[in-house]
Amino acid sequence: MMRDGMMKLPIRFLLFILCSLVFTGCSTIKNAKPWHRIILDEEFSSHDMKPDYRWTDYLAQETRLFAQLQQTLNDNPRVDAYRYQFDSSLNALNHTRNWNRSFVLKPQQVRGGVVMLHGLSDSPYSIRSLALHLQQQGFYVIGVRLPGHGTLPTGLLNVRWQDWAAVTELAMHELQKQLGDSKELYMLGYSTGAALALNYALQARENTQMPQPKKLVLLSPMIGVSKFAALSKGLDLAGHLPLLSNERWLNKKPEYNPFKYNSFTVNAGWQAHRLTKQIQGKLQAAAEKNNLTNFPPSLGFQSLVDTTVSTSAVEEFFYRALPESTQKNPSELVIFDINRNRYFAPITRSDNQELLNALFQPTARNYHLVKIGNSTPDTNQVSEWRRPAGILSEQETQLPLEYPRGVFSLSHVAIPFPMNDPTFGLEPDEQEFFGIRLGNLNLRGEKNTLVIPADANQRLNANPFYSYMEKRIDEWLGISPSPAML
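Trainee: Could you clarify how one ought to interpret the overall build of the protein in this entry?
Mentor: Looking only at helices and strands, one finds 11 helices and 12 strands in the protein. Counting across all 486 residues of the protein, residues that qualify as buried make up 54%. Expressed as a percentage of contacts within the protein between residues at least 6 apart in sequence, the contacts between residues at least 24 apart total 72%. Accessible area of the protein: about 22600 Å², with a carbon and sulfur share of 51%.

Trainee: How do you make sense of the side chain of S123 when you look at a structure like this?
Mentor: For S123, the position within the fold is in the loop between β2 (112–117) and α4 (128–136). Polar side-chain contacts of S123 include one of 2.9 Å to the side chain of N100.

Trainee: Sorry, what's going on with the layout of surface pockets here?
Mentor: Sizing a probe to match a water molecule and rolling it over the atoms shows the empty space that remains. There is about 400 Å³ of room inside the second largest pocket. In this structure, the second largest pocket is lined by 15 residues; those nearest its centre are L443, L450, I452, P453 and A454. Looking at side-chain class alone, the lining of the second largest pocket contains seven nonpolar, five polar and three charged residues.

Trainee: What is the right way to read the packing of α4 against helix α11 (residues 466–476) from this model?
Mentor: Helix-helix packing is described using two parameters, namely the angle between the two axes and the distance between the axes. For the pair α4 and α11, the least separation of the axes is 12 Å and the interaxial angle reads 45°. As far as their axial angle goes, α11 and α4 are oblique. The two elements α4 and α11 cross, and the hand of that crossing is right-handed. Each of S129, L130, H133 and L134 in α4 lies in contact with α11, whose residues at this interface are Y466, M469, E470, I473 and D474.

Trainee: Quick question: what am I supposed to make of helix α3 (residues 55–75) here?
Mentor: Each α-helix winds once per 3.6 residues, and so residues spaced three or four apart point in a common direction. Between its first and last C-alpha, α3 extends 30 Å over 21 residues, near the 30 Å set by a 1.5 Å rise per residue. Every buried residue of α3 is listed here: W55, Y58, Q61, E62, L65, F66, L69, T72 and L73. Viewed along the axis of α3, the buried residues span an arc of 145°, placing them on a single side of the element. Against the buried residues of α3 lie β1 (103–105), β3 (139–144) and α5 (161–179).

Trainee: Just checking my understanding: could you explain the nonpolar core for this structure?
Mentor: Generally speaking, nonpolar side chains in soluble globular proteins are found buried as a group. Residues V144, F295 and F318 are the most contacted members of the largest nonpolar core, which totals 73 residues. The dominant element in this core, judged by the number of residues it contributes, is α5, at 10 residues. Other than its neighbours up to four places away in sequence, V144 contacts W55, S102, V115, M116, L117, H118, P124, V167 and A171. Core analysis: the second largest hydrophobic core is formed by 53 residues, Y186, V407, L410 and V413 among them.

Trainee: Could you clarify how one ought to interpret the pattern of salt bridges in this entry?
Mentor: Once the charged atoms of two side chains with opposite charge are near each other, the side chains can pair. Taken as a whole and judged by the stated rule, the model has 20 salt bridges. Between D80 and R78 there is a salt bridge, and its shortest N-O distance comes to 2.9 Å. In this structure, the salt-bridge partner of E475 is K471, at a minimum N-O distance of 2.5 Å. With E475 and K471 both in helix α11 and four residues apart, this pair spans about one turn of that helix.

Trainee: Please explain the packing of aromatic side chains as it appears in this structure.
Mentor: Note on aromatic pairs: each is described by the distance of the centres and the angle between the planes. Overall, the coordinates contain 20 aromatic pairs when judged by the stated rule. Consider the rings of F44 and Y53, whose centres lie 5.6 Å apart with planes at 45°: the pair is tilted. Its relative accessible area of 2% is what places F44 among the buried residues. Here the aromatic cluster, defined as three or more aromatic residues joined through ring pairs, consists of Y125, F259, F417, F424 and F434. One residue, R97, lies across the ring of W99, its end atom 4.8 Å from the ring centre. The ring of W385 has K371 sitting right over it, with the charged end atom 5.2 Å from the ring centre.

Trainee: Before we go on, may I ask you to explain the sheet that holds strand β11 (residues 381–387) in this structure?
Mentor: Hydrogen bonds between backbone atoms are what pair the strands of a sheet, whose relative direction is either parallel or antiparallel. Strand order in this open sheet of 10 strands is β1-β3-β2-β4-β5-β8-β9-β10-β11-β12, and the pairing throughout is mixed. Each of the sheet's edge strands pairs with one partner strand only, and the pair in question is β1 and β12 (395–402). Here the strands of the sheet are splayed against their neighbours by 15° on average, with no regard to which way each runs. Pairing analysis gives five bridges linking strand β9 (residues 332–336) to strand β10 (residues 368–374), with the strands arranged parallel. For L333, the partnering residue across the bridge sits in β10 and is L369. Taken strand by strand, α4 contacts β1, β2, β3, β4 (184–190) and β5 (215–219), and its axis lies near 160° from that of β3.

Trainee: Can you walk me through empty space enclosed by the protein in this structure?
Mentor: Inspection of the entire model under this criterion finds three cavities of 30 Å³ or more. What lines the second largest cavity is simply L69, L73, R83, Y84, N91, A92, L93, N98, N100, G150 and T151.

Trainee: Is there a simple way to explain the environment of N257 in this structure?
Mentor: Assignment of secondary structure puts N257 in the loop between β6 (249–251) and β7 (264–265). Note: C-alpha distance between N257 and I436 (179 residues apart in sequence) is 7.9 Å. Those residues in contact with N257 that lie beyond four places of it in its chain are R83, N262, F424 and L438. Separated by 3.0 Å, the side chain of N257 and the backbone nitrogen of F259 make a polar contact. Within polar-contact distance, the side chain of N257 engages the backbone nitrogen of K260 at 3.3 Å.

Trainee: Looking at this structure, I do not really get the pairing of β4. What am I missing?
Mentor: In regular strands, side chains alternate between the two faces of the sheet. Burial analysis of β4 places six of its seven residues in the buried class, the great majority of the element. Alignment of β2 against β4, held across six bridges, turns out to be parallel. Note that in β4 the partner of L117 across the bridge is G189. In this sheet, β5 lies alongside β4 in parallel orientation, the contact comprising five bridges. The partner of G189 across the bridge, within β5, is L218. Viewed along the sheet, the connection from β4 through helix α6 (residues 192–206) into β5 turns out right-handed.

Definitions and limits used
- Residues numbered from 1 in each chain as written.
- Predicted model: local features only at pLDDT ≥ 70, side-chain atom pairs only at ≥ 80, totals over all residues.
- Heavy atoms only, no water.
- Helix = DSSP H or I, 4+ residues; strand = E, 2+ residues; numbered from the N terminus.
- Buried < 20%, exposed > 50% of the residue type's maximum accessible area, 1.4 Å probe, protein only.
- Contact = heavy atoms within 4.5 Å.
- Areas by Shrake-Rupley, 256 points an atom, 1.4 Å probe, with all protein chains shown as cover.
- Polar contact = N/O pair within 3.5 Å; in protein donor to acceptor, adjacent residues only side chain to side chain.
- 1 Å grid on protein atoms, 1.4 Å probe; cavity = no way out; pocket = protein on both sides within 12 Å on 5 of 7 lines; lining within 4 Å.
- Points joined across faces, edges and corners; volume = space filled by probe spheres on them.
- Nonpolar A, V, L, I, M, F, W, Y, C, P; charged D, E, K, R; others polar.
- Axes fitted to C-alpha atoms, helices over the stretch in contact; angles between N-to-C directions.
- Parallel < 35°, antiparallel > 145°, perpendicular 65-115°, else oblique.
- Left-handed = near helix turned anticlockwise from the far one by under 90°.
- Expected span 1.5 Å × (residues − 1).
- Arc of directions from axis to C-beta.
- Core = buried A, V, L, I, M, F, W, Y, C linked by side-chain atoms within 4.5 Å.
- Salt bridge = Lys/Arg side-chain N within 4 Å of Asp/Glu carboxyl O.
- Phe/Tyr/Trp six-rings, centres within 6.5 Å; stacked < 30°, edge-to-face > 60°.
- Lys NZ or Arg CZ within 6 Å of the ring centre and 35° of its normal.
- Pairing = 2+ DSSP bridges.
- Right-handed = clockwise from strand over helix to strand, strands pointing away.

See below:
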């Protein structure tokens, strides 16, 4: 069966297999570091779901999982463990609150509830800032740790997207249980978490027994991924061969990031691909049946340039599929354009302009389309360029915001983090410290001294327009705006 399946793979992939055999020689999983080898058997999978399995059971299983993680670190001490060194400040187990775990935030007075979902290879830390803000605004928040995340990167070797979907549903049932029928429920997802929110909302449209979200907030939604992900299943199968065990990994890197895996498995890419295909298929089928009329209005935020997910897929497969809305608030897509200051113009790739032109071509839409970009090519200050649903013209509103010096674009990983995030911010809050400040690294010295690659900080890690995004989310969830603009 393996031989027959591999005969169908592209020639390039077969050449890759042969080259791997030559160059990896007798490399086996035995040579891997513990976090690339040990699998924690307390991790949840959808196969654990029994009729009476609840969110509280998931939290209890998660407690056992992290106890197993701590024991694993005790049993495998290493001087090059970094995040996985038992007494390291990079180890989230050593902090008062472990933001790699699921969390529940309860406000003093409840106005509504929201389930929040993080991205692939991330942890609940990536939604922490928005979660704390929404708690202050009166929302009961459930931050979900997706299975395979927050522990060892081996958690992504065997996880399935169905495991993530199962926990998403558990959290929504728990939110409804805590709030009852009198409070409105919302969902907020980042990257893969946004895809899971969409998947849940589509499923809930067909099953009225599932708690129904009133609105969605989607940050860098994973509706399309790179074409390479489609080949990752073959790579993963090949990785089970003894001589190719290393090929189950797209990369193995030092783990110094306290809240995100630096290493990435082939299976993770395959599961992302499968989930996006699932969503695209459901959206197409629902659109053909005109079954998206009452789909929850969705507010999306997307960087124009994004090397993780497809920006064009967000518009093509989701927003374009939405029918004309009869609701007061149609869905809305906000695009963070690149910095088009004339200073960057001579060194900017032309295909970025082509993508922007394709997204903003003059055609009427059934959703609001917004661009955040330079007010003029002579300034770093930005404006909101809003094109309401059904309207071809744009309305400009200048914002008291600007691209920071040297920042030429946002990025996929920047969207959910404020500028003062203690780990990823360009201007980190000095009141909190989780072992490292990755957002504003400006290190000088001899090469090959640190484990952090020299180009690690070229990709922006925080969102200079976070305050705008937070304000729009508040308005979207019905929170009365403050007198000040921001």
